[in-house]
Amino acid sequence: MLGLLLGLVVTIIVGYLIIKKYKAQFVLLCGGIILMCFAVLFGLGEILPANKSTGWVGFDIFEFIKNLFSTRAADLGLMIMAVGGFARYMDKIGASEALVNVAVKPLNAIKAPYLVLALAYIIGQILNIFIPSASGLGLLLMLTIFPILVNLGVSREGAAALIATTACLDLGPASGNAVLAAKTANIDIAEYFVNYQLKLAIVTMIVIATSHFFVQKWFDKKQALLGNGSIMENGIEADTKVENQNNSALPIPTVYILLPLLPLVLILTFSKLLVSSIKMNVATAMIISLFIAMLFEFVRKKDVKQVFAEMQVFFDGMGKQFAAVVTLIVAGETFAKGLTAVGAIDTIILGAQTSGFGVFLMTLVMVLIITLSAIVMGSGNAPFFAFAALAPKVATGLGISPVLMVLPMQLVAGIARSMSPITAVIVAVSGVANVSPFDLIKRTALPMAFALLTVFFGTFVLYH
């Protein structure tokens with residue numbers, strides 16, 4: 001019980017500091033170190049086994065953190081960094097923009113505003129598989145789908161709310177959360193995507209699209225905003241000019257729409273699903289796709305020096321992912337280790353088992369923790385990275401596969417993020433649309449609430 005109390009107090013302090021905008025990585029690291037110190041001080045648990053100890057328990061805490069950096073940077077971290085670098089390169093050469101432009105063209109032929117809005121969500125969520133940045137995808141869609149919706153009669157708020165949620169599920173091998181989830185569940189990323197994520201995501205996408213149809217239509221009627229989109233069309237034109245200044249003056253070939261799809265094609269083809277004799281992990285697929293894209297750029301620009309110079313974007317993207325994401329994973333796992341070392345997790349599992357908390361209630365508890373944390377922090381990554389490492393231990397204690405605990409936790413992190421007024425995609429989209437972030441979350445809250453319920457109950461219906 002002492003360990004649980006210590007864990008609760010430190011967790012509350014950590015949460016408070018993150019809410020107050022203290023750097024999440026260092027808050028989580030310090031929280032984990034403090035908990036490990038308590039574990040040593042009160043004899044609640046060990047930090048490293050005797051055969052891996054430095055010889056003094058005080059150094060063992062930092063040896064544990066060093067080991068995390070070594071393993072995460074070389075394995076999971078490399079995959080996430082490669083994903084981030086490839087996404088940045090796709091933006092640089094205009095391939096992401098080309099894919100979005102082609103994907104939204106069919107919407108112009110449909111004249112039913114709210115049907116187009118619902119279909120736009122489906123298209124946006126599919127694009128998220130290949131364009132993993134929520135805010136990056138949101139801004140691209142503000143330049144393409146937003147004018148279509150406004151011209152059809154959807155309000156600025158309704159169109160922006162729809163676009164702000166298009167990446168809410170964090171699907172596919174290009175998502176850092178999905179990569180971590182598969183790694184935590186100890187399964188192949190292709191298997192996680194096809195056998196677990198995809199089935200549940202399809203159902204959830206239908207629910208979200210349907211709820212957007214009715215929710216945005218109701219809000220628009222209530223606020224009498226139909227047909228008022230002129231202000232934002234000017235705003236979008238200005239943003240388009242800024243974007244065009246950053247891209248090459250050369251036209252983007254239509255074939256470039258295939259480039260963001262290459263990693264997914266490679267990962268799914270060379271997996272247990274199709275060609276199992278050849279192994280292909282995420283980082284390898286990204287690097288192969290990068291060099292294929294580079295060859296396209298050679299043909300397009302015929303300037304070796306410029307193409308080589310632009311390749312630096314890939315490495316800059318990798319560095320950014322290390323600084324922002326890999327460090328957050330290490331910090332989150334350090335905090336999780338602290339909670340485990342003081343016995344807080346064992347106490348919760350034992351209490352759940354003795355008090356009748358089964359799989360259903362424990363999954364609900366974990367999902368609620370992630371949901372509230374994501375809304376408060378304005379991030380889907382931070383809470384999932386902080387608590388994902390606990391999922392296998394909780395799942396094992398309940399006698400279920402870790403993936404059945406990790407899956408709803410991973411999906412609700414992105415969903416709950418879309419209900420936070422401080423998350424990057426909400427702020428970015430509301431800024432372009434010239435509306436308040438709080439007006440957006442009023443419109444995203446109900447569709448995302450339906451999505452949360454669908455993910456939670458869908459996990460039990462489809463997989464248990």
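In the annotation of an unreviewed UniProt entry, the entry for the protein reads C4-dicarboxylate transporter DcuD, and the organism field reads Pasteurella canis. According to its UniProt record, the protein has this under Subcellular location (unreviewed entry): "Cell membrane". UniProt, in its Sequence similarities (unreviewed entry) section for the protein, records the words "Belongs to the DcuC/DcuD transporter (TC 2.A.61) family."

> Got a sec to walk through the overall build of the protein? Specific residues and values, please.
Scanning the protein for helices and strands turns up 22 helices and 0 strands. Relative to its length of 464 residues, the protein is compact, with a C-alpha radius of gyration of 23 Å against a globular reference of 23 Å. Dimensions of the protein, computed from C-alpha atoms along their principal axes, come out at roughly 65 × 55 × 40 Å. Looking at the protein as a whole, 53% of its 464 residues are labelled buried. Contacts spanning at least 24 positions in sequence make up 79% of the contacts within the protein whose residues lie at least 6 apart. Within the structure as shown, the protein displays about 19400 Å² of accessible surface, and the carbon and sulfur contribution to it stands at 68%.

> Outline a nonpolar patch on the surface, listing residues and values.
Together, Phe360, Leu361, Leu446, Phe450, Leu453 and Phe457 line one region of the surface with nonpolar side chains, adding up to about 530 Å² of accessible area. Only helix 17 (359-377) and helix 22 (437-463) provide two or more residues apiece to the nonpolar patch. The element contributing the most residues to the nonpolar patch is helix 22, with 4 residues. Relative to the elements of secondary structure, phenylalanine 450 occurs in helix 22. Look at phenylalanine 450 and you get partly exposed, because its relative accessible area is 37%.

> How would you summarise unusual backbone geometry if you had to cite specific residues and measurements?
Phi angles above zero are rare outside glycine, and aspartate 170 is one such case at about 50°. Relative to the helices and strands, aspartate 170 is located in the loop between helix 8 (156-164) and helix 9 (176-185). At lysine 302, a position not held by glycine, the phi torsion is positive, near 50°. Overall, lysine 302 belongs to the exposed group, its relative accessible area being 70%.

> Tell me about the pattern of salt bridges, and name the residues and values.
A complete count under the given rule lists 7 salt bridges for this structure. One salt bridge in this structure joins aspartate 170 and arginine 417, with 3.4 Å as the shortest N-O distance. Pair noted here: aspartate 170 is in the loop between helix 8 and helix 9 and arginine 417 is in helix 20 (residues 402-417), with a separation of 247 residues, a long-range link. For lysine 301, the salt bridge is made with glutamate 310, and the minimal N-O distance between the two is 2.7 Å. For glutamate 310, a relative accessible area of 10% translates into the label buried. A single network of salt bridges, built from pairs that share partners, joins Glu297, Arg300, Lys301 and Glu310.

> So what about the packing of helix 12 (residues 262-269) against helix 13 (residues 282-301)? Which residues, and what values?
Between helix 12 and helix 13, the least distance of the axes is 9 Å, while the angle of their chain directions is 135°. It follows from the interaxial angle that helix 12 and helix 13 lie oblique. Judged by the twist between their axes, the crossing of helix 12 over helix 13 is right-handed. Here Leu262, Pro263, Leu266 and Ile267 of helix 12 lie close against helix 13, whose contacting residues are Val282, Ala285, Met286, Ile288, Ser289 and Ile292.

> Give me the lowdown on the packing of helix 6 (residues 113-130) against helix 7 (residues 134-152), citing residues and values where you can.
Remark: helix 6 packs on helix 7, axes separated minimally by 10 Å, with the N-to-C direction vectors making an angle of 165°. Considered as vectors, helix 6 and helix 7 are oriented roughly antiparallel to each other. When you trace helix 6 past helix 7, the crossing you get is right-handed. Residues Pro113, Val116, Leu117, Ala120, Gly124, Leu127 and Asn128 of helix 6 lie in contact with helix 7, whose contacting residues are Leu137, Leu141, Ile145, Ile148, Leu149 and Leu152. Its residues placed into classes, the contact of helix 6 with helix 7 shows 11 nonpolar, 2 polar and no charged.

Calculation criteria
- Residues numbered from 1 in each chain as written.
- Predicted model: local features only at pLDDT ≥ 70, side-chain atom pairs only at ≥ 80, totals over all residues.
- Heavy atoms only, no water.
- UniProt positions renumbered as here; feature names shortened; annotations may be inferred.
- Helix = DSSP H or I, 4+ residues; strand = E, 2+ residues; numbered from the N terminus.
- Rg over C-alpha atoms; globule rule 2.2 N^0.38 Å.
- Buried < 20%, exposed > 50% of the residue type's maximum accessible area, 1.4 Å probe, protein only.
- Contact = heavy atoms within 4.5 Å.
- Areas by Shrake-Rupley, 256 points an atom, 1.4 Å probe, with all protein chains shown as cover.
- Patch = residues over 30% accessible without salt bridge, like charges linked within 9 Å, V, L, I, M, F, W, Y side chains within 5 Å.
- Salt bridge = Lys/Arg side-chain N within 4 Å of Asp/Glu carboxyl O.
- Axes fitted to C-alpha atoms, helices over the stretch in contact; angles between N-to-C directions.
- Parallel < 35°, antiparallel > 145°, perpendicular 65-115°, else oblique.
- Left-handed = near helix turned anticlockwise from the far one by under 90°.
- Nonpolar A, V, L, I, M, F, W, Y, C, P; charged D, E, K, R; others polar.

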